[in-house]
Amino acid sequence: QVQLVESGGGLVQPGGSLRLSCAASGSIININNMGWYRQVPGKQRELVAVCTSSGSINYVDSAKGRFTISRDNAKNTVYLQMNSLKPEDTADYYCYAHVLEKFYLVYRDYWGQGTQVTVSS
């Protein structure tokens, strides 16, 4: 079993910054994709940013130029630096990882519990 533990969410004013962290632990052999999704009530969960094991990165259009995803493979940790935050960034943010576990031959999807980000004055 694998666990993803998120931290860094909270309340911030428009234009402010916040950094999210997510650490994966458990019987991990390898992690391929790792990243962040977000969801607001009444809407579908959307990809915010994802980073592959080789370092390729993809952002949702609304995050480009404002958010930066980074990854520490040695620590099985992914970060999301969020700058110039807007009220529309308010959402529950979920960490995601595609994980190969010990004694398994296939990758599985894992999700964190979510951390709330609120952007308001």
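Structure: see above.
About the criteria used
- Along every chain, residues carry numbers that run from 1 in the direction the sequence is written.
- With the structure being a predicted model, the display of local features is reserved for residues of pLDDT at least 70 and the display and counting of side-chain atom pairs for 80 or more, all residues being used for whole-chain, interface and lining totals.
- To obtain the side-chain values, all non-hydrogen atoms of the structure were used and water was disregarded.
- In this analysis, rings of Phe, Tyr and Trp, with Trp reduced to its six-membered ring, are considered paired at centre separations within 6.5 Å, and the interplanar angle assigns stacked below 30 degrees, edge-to-face beyond 60, and tilted for intermediate values.
- A helix here means a DSSP run of H or I that spans at least four residues, while a strand means a run of E at least two residues long, and both kinds are numbered starting from the N terminus.
- Only protein chains enter the accessibility calculation, which uses a 1.4 Å probe; a residue whose area is less than 20% of its type maximum is buried, one above 50% is exposed, and one in between is partly exposed.
- In this analysis the charged atom, NZ for Lys or CZ for Arg, is taken to sit over a ring once it is within 6 Å of the ring centre and within 35 degrees of the ring normal.
- Put simply, a disulfide is two cysteine sulfurs that come within 2.5 Å.
- By nonpolar core we mean a set of buried residues, namely Ala, Val, Leu, Ile, Met, Phe, Trp, Tyr and Cys, connected to one another through side-chain atoms within 4.5 Å.
- Only strands joined by at least two bridges in the DSSP assignment are considered to pair.
- Think of each axis as a best-fit line through the C-alpha atoms, taken over the contacting stretch in the case of a helix, with angles from 0 to 180 degrees between the N-to-C directions.

A. Looking closely at the packing of aromatic side chains. In the structure shown here, the tally under the stated rule is three aromatic pairs. An angle of 70 degrees between the planes, with centres 5.8 Å apart, marks the rings of Tyr37 and Tyr96 as edge-to-face. Separated by 59 residues along the polypeptide, Tyr37 in strand 4 (residues 28–39) and Tyr96 in strand 9 (residues 91–101) bring together distant segments of the chain. By relative accessible area, which is 11% here, Tyr96 ends up buried. Judged by centre distance (5.2 Å) and plane angle (55 degrees), the ring pair of Tyr96 and Trp111 falls under tilted. A residue pair is termed long-range when its members are at least 10 positions apart, and Tyr96 in strand 9 and Trp111 in strand 10 (residues 107–111) qualify at 15 residues. Aromatic rings pair up to connect Tyr37, Tyr96 and Trp111 into one cluster. The lysine or arginine in question, Arg45, covers the ring of Tyr94, its NZ or CZ lying 3.8 Å from the ring centre. Above the ring of Trp111, the side-chain terminus of Arg45 is found at 4.8 Å from the ring centroid.

B. Structural view of the state of the cysteines. Under the defined criterion, the tally for this structure stands at one disulfide. Through a disulfide, Cys22 is tied to Cys95; the S-S separation comes to 2.1 Å. Measuring the twist about the S-S bond at about -85 degrees, one finds the Cys22-Cys95 disulfide to be left-handed. Remark: Cys95 occurs in strand 9 and Cys22 occurs in strand 3 (residues 18–26); sequence separation between them is 73 residues. Using a relative accessible area of 0% as the deciding quantity, one classes Cys95 as buried.

C. Region of the structure containing the nonpolar core. Judged by nonpolar contacts, the single largest core of 31 residues is most densely connected at Trp36, Phe67, Leu80 and Tyr93. At the level of secondary structure, the elements contributing two or more residues to this core comprise strand 1 (2–7), strand 3, strand 4, strand 5 (46–51), strand 7 (67–72), strand 8 (77–82), strand 9 and strand 11 (115–119). A per-element tally of this core places strand 9 first, with five residues.

D. Representation of the sheet that holds strand 7 within the structure. Reading across the sheet, the four strands line up as 1-3-8-7 and stay open at both edges, with antiparallel pairing between neighbours. At either margin of the open sheet sits one strand with a lone partner, and together these are strand 1 and strand 7. When the angles between neighbouring strand axes are averaged without regard to direction, this sheet yields 15 degrees. Relative to strand 8, strand 3 runs antiparallel, the two being bridged by six bridges. Directly across from Ala23, in strand 8, lies its bridge partner Thr77.

E. Inspection of the pairing of strand 4 at higher detail. For strand 4 and strand 9, the ladder comprises nine bridges, and the chain directions are antiparallel. Bridge pairing in strand 9 links Trp36 to Cys95. Relative to strand 5, strand 4 is paired through five bridges, and the arrangement is antiparallel. Residue pairing in the sheet places Met34 in a bridge with Cys51 of strand 5. Counted between consecutive antiparallel strands, the loop separating strand 4 from strand 5 contains six residues, among which Gly42 sits at a positive phi close to 85 degrees.

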